[in-house]
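Below are the chains, spelled out letter by letter.
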Amino acid sequence: MNQRIPENLLWLGTQGNTEKMFLTEEQWRKERRPEILELFRQHVYGRAPIDRPNSLRFEVIDHSSGWMNGKAVRKKVEIMFDGPGGTGVIHLYLFVPATSSQRVPAFLLICNRDKENMDPDREVQSPFWPAEDIISRGYAAAVFHVEDADPDFNDGFRNGVHGIFDPPQTPRSGDAWGTIAAWAWGASRVMDYLETDPDIAEDRIAVVGHSRGGKTALWCGAQDERFALVISNNSGCTGAAITRGKKGETVQDINQRFPHWFNENYKSYNGSEEVLPIDQHMLLALVAPRLLYVASATEDTWADPESEFLACIHADPIYRLLGLVGFEADGPPMPETPLQQGRIGYHLRTGKHDLTRYDWHCFMDFADAHM
Ligand code: GCU
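Residues numbered from 1 in each chain as written. Predicted model: local features only at pLDDT ≥ 70, side-chain atom pairs only at ≥ 80, totals over all residues. Heavy atoms only, no water.

The next thing to look at is the site of the ligand. Taken together, S211, R212, K215, E249, I254, R257, F258, W261, W302 and H353 make up the full set of residues near the ligand. Take R212: an N or O atom from its side chain is 2.5 Å from an oxygen atom of the ligand. Here an oxygen atom of the ligand and a side-chain polar atom of W302 are 2.8 Å apart. Burial of the ligand by the protein chains amounts to 86% of its free accessible area of 320 Å². Within the residue set of the shell around the ligand, elements represented by two or more residues are α5 (212-223) and α6 (251-257). When the residues that make up the shell around the ligand are grouped by side-chain class, the tally is four nonpolar, two polar and four charged. (Near = heavy atom within 4 Å. Polar contact = N/O pair within 3.5 Å; in protein donor to acceptor, adjacent residues only side chain to side chain. Areas by Shrake-Rupley, 256 points an atom, 1.4 Å probe, with all protein chains shown as cover. Helix = DSSP H or I, 4+ residues; strand = E, 2+ residues; numbered from the N terminus. Nonpolar A, V, L, I, M, F, W, Y, C, P; charged D, E, K, R; others polar.)

Laid out in structure tokens, this is it:
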């Protein structure tokens, strides 16, 4: 399996250095980690023009008890910001266990599906966001919709946070942020709020995403070290899956169907993945030493479970470098046999491309054990 990734991307040295030189912990932290982040910005996801805007403000517009048979308190929060192109609002829905007297850990879902999947009134209880289950296991359940950061279609980056923050009238550069980066930025703004919420243990917040949302969770978690646990569900191409030799969706497929997701530079790798200066195990390694979880599904051949597993294998050396156990696996596991010993968790679920209650309970088992 190793031959799929060239030696210089297997932690032997810095970019362009062909000598076999293993990294030291200090080199990782001070040189290689920032260098890899920069490579992903430059060649894949793009560069956000702003981090936390000075104009950022929060308004709790609902704080009510009696939800979920009295087990939960609901908050609705508006996260607002202004830029040269106007004002934006991210709507956060948050359920917190009513019985807890202490701050609780939380799962933040980046929702990329229809809004009924994140119903704050709980008339629809979708397995995509099983808030009742999350509450009953003692966690807070938080969700926002990607559309609040950037609608998921190709409009030349006029709407969403691109329209608000991009300098007007200047041509977009090859590394300007795409839509996945905009969603990741949105998740970090939600974190800005969660850090201030008196019910939330801000050092135990997980960011979760499915598919395009999983790609987003990884890019968000790679950059924003406040997230203690980063969870990718069925994220596949340009998510958790190794790109070189990947089955199913390729860089060309994704760039043609979703030209707005990544930056312009990424399109130059259509059909030539082998010259990318990174591969996706390096994105996973940016989460170290924090917790990481990757989930695959047997019928999700478009995402390619084997390539998602392989990325965990190749992210592990960075955890070891930091003195931690990363991924403990002899080979791809059987379905429904989660691997949760180290700081990288993984499972393969029987079935199709989806985010299910089974997946969620595996994430919570892992969080119970490690977070
Ligand atoms: C498409 C796309 C995938 C993506 C998926 C999703 O299938 O090709 O890359 O993960 O949509 O977001 O559901």
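Moving on, we come to the state of the cysteines. Enumeration according to the criterion identifies zero disulfides in this entry. Note on C111: no disulfide assigned, nearest cysteine sulfur contributed by C220 at a separation of 15 Å. For C237, which is in no disulfide, the shortest distance to another cysteine sulfur is to C312 and amounts to 16 Å. The buried category is assigned to C237, whose relative accessible area is 2%. (Disulfide = S-S within 2.5 Å. Buried < 20%, exposed > 50% of the residue type's maximum accessible area, 1.4 Å probe, protein only.)

With that settled, consider the pairing of strand β3 (residues 86-97). Relative to β3, strand β2 (residues 72-83) is paired through twelve bridges, and the arrangement is antiparallel. Directly across from D82, in β3, lies its bridge partner T87. Between β2 and the antiparallel strand that follows it, β3, lie two residues. In this structure, β3 lies alongside strand β5 (residues 140-145), joined through three bridges in antiparallel fashion. Within β5, the position partnered with L94 by the bridge is A142. (Pairing = 2+ DSSP bridges.)

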